[in-house]
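One-letter residues, chain by chain:
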Amino acid sequence: MANPLFDTLFARHADQSTTFLVLPDGAQVTHAEFLARTAGYANALAKMGLTPGDRLAAQIDKSPDAVALYAACVQAGLVFLPLNTAYTPDEVSYFVTDSGAKLFVCQANRRDDMKAVAEAANAQLLTLDDNGGGSLAQLADDQPDTFNTVDRSADDLAAFLYTSGTTGRSKGAMLTQANLLSNAQTLTEAWRFTRDDVLLHALPIFHTHGLFVAINVTLVAGGAMIFVPKFDLDTMIGNMHRATTMMGVPTFYTRLLDDPRFTKDVAQHMRLFISGSAPLLAETHVQFETRTGHRILERYGMTETNMNTSNPYEGERRAGTVGFPLPGVELKITDPATGDTLPDGEIGQIEVRGENVFKGYWQMPEKTAEELRPDGFFITGDLGRIDDDGYVVIVGRDKDLIISGGYNIYPKEIELLIDDQPGVLESAVIGVPHPDFGEAVLALVVAQKGAYPDVEQIAEGISKSLARFKQPRKLILVPELPRNTMGKVQKNLLRQEYGSA
Ligand code: ATP
Ligand code: MG
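Residues numbered from 1 in each chain as written. Chains lettered and ligands numbered in written order. Predicted model: local features only at pLDDT ≥ 70, side-chain atom pairs only at ≥ 80, totals over all residues. Heavy atoms only, no water.

**Student:** So, the site of ligand 1: which residues are in play, and what are the values?
**Tutor:** Close contacts around ligand 1 come from 21 residues, with Ser 164, Thr 166, Thr 167, Thr 303 and Asp 382 the closest. At 2.4 Å, a side-chain N or O of Thr 166 approaches an oxygen atom of ligand 1. Within the complex, 95% of the 640 Å² of free accessible area of ligand 1 lies under protein. Per-class residue counts for the shell around ligand 1 are six nonpolar, nine polar and six charged. (Near = heavy atom within 4 Å. Polar contact = N/O pair within 3.5 Å; in protein donor to acceptor, adjacent residues only side chain to side chain. Areas by Shrake-Rupley, 256 points an atom, 1.4 Å probe, with all protein chains shown as cover. Nonpolar A, V, L, I, M, F, W, Y, C, P; charged D, E, K, R; others polar.)

What follows is the structure, given as structure tokens:
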């Protein structure tokens, strides 16, 4: 027996003096140092009585030790459960209790707030700080720097990752070793990652994007990461000349473009810019190419499935699309009512199947049965179509679909038209309750910097291209759209706020 995920991602690098992490102050962590630290944590966890299959929940800041804790869980056969650092103790309490975590690791400065959380969940509580301190870190300091890797099979669970909660309460996606490993290998190849790559890593590491996509791909390739605590323009612009690749959410790209210091020269050393987690505006794609000469590569994935589609590395990276299904991933567009596959070009629900698809939601058999078909296809909750050349186009989430007077209205169609009007930066179209039609269309519009677009003119501008029933009943100018940490527009908040507008 062996431990496929640990062996492939980590163990291979155990004796290597190659650089794994570069920190903002220039300090470096080699693969060998990282693996020794990992073993320290794995020993500490085993000593605490954690045994294979136990869950470890962690709400900790981004740091090399936080990554070592993830690696230690894989090495010790534990299920790693990272939590959004923005969650309050009340929110954290749900996850720690729901997951049945045996150990909960938090920042030292939150220990007092989290004591009750751990007690209520019957979990032990230890701390880990981003400077390598904390009670768990101290335990690890005293441990040997090797550890007998626990045997695991590809089908064993490696992580519980809770979804972002954009459309409702977060669900714990059970991810196996094979889910994570197959996707990391596929992406490494698809995006041509090698040991020479240096990834500028500014994403949070409690989400699939920053944790599994970015870190696992780097580990499979054997490359390095410039590991910065968070996105910050000075740091990004200051470090880009040392990097070859970056993975970001769309707001990374819009913020870089807003800064005149971000020039072609700054991006010159880069090989690849990847975007995901939320839709990248076609306009951002075009502006980015004009500024830097690089075409951003957009891909599509989610907590439950890792990555499903990607624009090609070679070949046309088409703006406004998420590219083709990745090797090993089957994707179809189906009729939500019947589940039948629709002809290319028609809009329907996106379903995917492959080694990347999760095992189900933790302790939610009904929800799992609703979304995961017996034949292995997962109903993603996203709506999309396949264009003439096979590129997948996402038109939104099924929960954001507006049904007005019995007609289906896809917000994206209207948003794209509004975004094209003079002076408009972006928009969000939502359905709000309407006494006669069930729902009516409402548009929230954000102006470009320094522009003062007139809502009547926008309404007029889009009216020619839209059937009457799709035209917004009202357009409201707003200073910005509410976004979560991953840059996703939170339409549920907009519906709450403007539901009676
Ligand atoms: P919840 O499932 O709890 O409502 P969530 O779906 O936002 O939250 P995640 O798993 O973090 O949680 O996000 C996956 C979703 O992000 C996808 O289902 C899709 O709607 C969106 N997404 C990811 N990449 C892209 C992309 N390139 N373009 C458009 N949407 C994307
Ligand atoms: Mg989701």
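Next comes the rest of the description.
**Student:** So, the packing of aromatic side chains: which residues are in play, and what are the values?
**Tutor:** Counted according to the given criterion, the structure contains 20 aromatic pairs. With 5.6 Å between their ring centres and 35° between their planes, Tyr 70 and Phe 80 make a pair best called tilted. Residue Tyr 70 is located in helix 3 (residues 64-76), and its partner Phe 80 is located in strand 4 (residues 79-82); the two are separated by 10 residues in the primary sequence. For Tyr 70, a relative accessible area of 1% puts it in the buried group. For Phe 80, a relative accessible area of 4% puts it in the buried group. Taking 6.5 Å as the distance between ring centres and 75° as the angle between the ring planes, the aromatic pair formed by Tyr 94 and Tyr 162 counts as edge-to-face. Of this pair, Tyr 94 sits in helix 4 (residues 89-99) while Tyr 162 sits in strand 7 (residues 157-162), and the two are 68 residues apart along the sequence. Residue classification places Tyr 94 among the buried positions, given a relative accessible area of 19%. Members of the aromatic cluster, connected to one another through ring pairs, are Phe 6, Phe 10, Phe 20, Phe 34, Tyr 70, Phe 80 and Phe 212. (Phe/Tyr/Trp six-rings, centres within 6.5 Å; stacked < 30°, edge-to-face > 60°. Helix = DSSP H or I, 4+ residues; strand = E, 2+ residues; numbered from the N terminus. Buried < 20%, exposed > 50% of the residue type's maximum accessible area, 1.4 Å probe, protein only.)

**Student:** Explain the domain arrangement of the protein residue by residue, including any values.
**Tutor:** Examined at the domain level, the protein breaks down into domain 1 (4-13 + 31-152), domain 2 (198-397) and domain 3 (401-498). The C-alpha centroid of domain 2 is placed 27 Å from the C-alpha centroid of domain 1. Facing 20 residues of domain 1, the contacting portion of domain 2 comprises 19 residues. Summing both sides of the interface, domain 1 and domain 2 together bury roughly 1,500 Å²; the carbon and sulfur share of this comes to 69%. Our enumeration of links across domain 1 and domain 2 arrives at zero salt bridges. On the surface where domain 1 and domain 2 come into contact, there are eight residue pairs in polar contact (both at pLDDT 80 or more). Ranked by residue count, the leading element in the side of domain 1 that touches domain 2 is helix 3, at four residues. (Domains from an automatic or database assignment. Contact = heavy atoms within 4.5 Å. Buried area = accessible area lost by both parts, 1.4 Å probe. Salt bridge = Lys/Arg side-chain N within 4 Å of Asp/Glu carboxyl O.)

**Student:** If you had to explain the UniProt feature "domain: AMP-dependent synthetase/ligase" (unreviewed entry) in the protein to someone new, which residues and values would you point to?
**Tutor:** When the UniProt feature table is mapped onto this chain numbering, "domain: AMP-dependent synthetase/ligase" (unreviewed entry) sits at residues 18-362. As a span, residues 18-362 carries 33% helix and 23% strand, and end to end its C-alpha atoms are 38 Å apart. (UniProt positions renumbered as here; feature names shortened; annotations may be inferred.)

**Student:** Kindly report on helix 13 (residues 411-419), identifying the contributing residues and their values.
**Tutor:** Turning to helix 13, its buried residues are Pro 411, Ile 414, Glu 415, Ile 418 and Asp 419. Within helix 13, the buried residues cover an arc of 135° as seen down the axis, which keeps them to one side. (Arc of directions from axis to C-beta.)

**Student:** Summarise the UniProt feature "domain: AMP-binding enzyme C-terminal" (unreviewed entry) in the protein; cite the residues concerned and give the values.
**Tutor:** The positions UniProt marks with the feature "domain: AMP-binding enzyme C-terminal" (unreviewed entry) are residues 413-488. Secondary structure across residues 413-488 comprises 21% helix and 33% strand; the distance between its end C-alpha atoms is 18 Å.

**Student:** An account of the packing of helix 2 (residues 31-47) against helix 3 is needed here, citing residue identities and associated values.
**Tutor:** Taken N-terminus to C-terminus, the directions of helix 2 and helix 3 make an angle of 60°; their axes are 8 Å apart at the nearest point. Classified by the angle between their axes, helix 2 and helix 3 sit oblique to one another. Between helix 2 and helix 3 the crossing geometry is right-handed. Between helix 2 and helix 3, the residues in contact are Phe 34, Arg 37, Thr 38, Ala 39, Tyr 41, Ala 42 and Leu 45 and Pro 64, Asp 65, Val 67, Ala 68, Leu 69, Ala 71, Ala 72, Cys 73, Gln 75 and Ala 76, respectively. (Axes fitted to C-alpha atoms, helices over the stretch in contact; angles between N-to-C directions. Parallel < 35°, antiparallel > 145°, perpendicular 65-115°, else oblique. Left-handed = near helix turned anticlockwise from the far one by under 90°.)

**Student:** Quick rundown of the environment of Ala 158? Include the residues and the values.
**Tutor:** Structurally, Ala 158 is set in strand 7. Distance in space between the C-alpha atoms of Ala 158 and Arg 55 is 9.4 Å, their sequence separation being 103 residues. Once residues within four sequence positions are removed from consideration, Ala 158 is found in contact with Leu 5, Leu 78, Val 79, Phe 80, Leu 175, Thr 176, Gln 177 and Leu 180.

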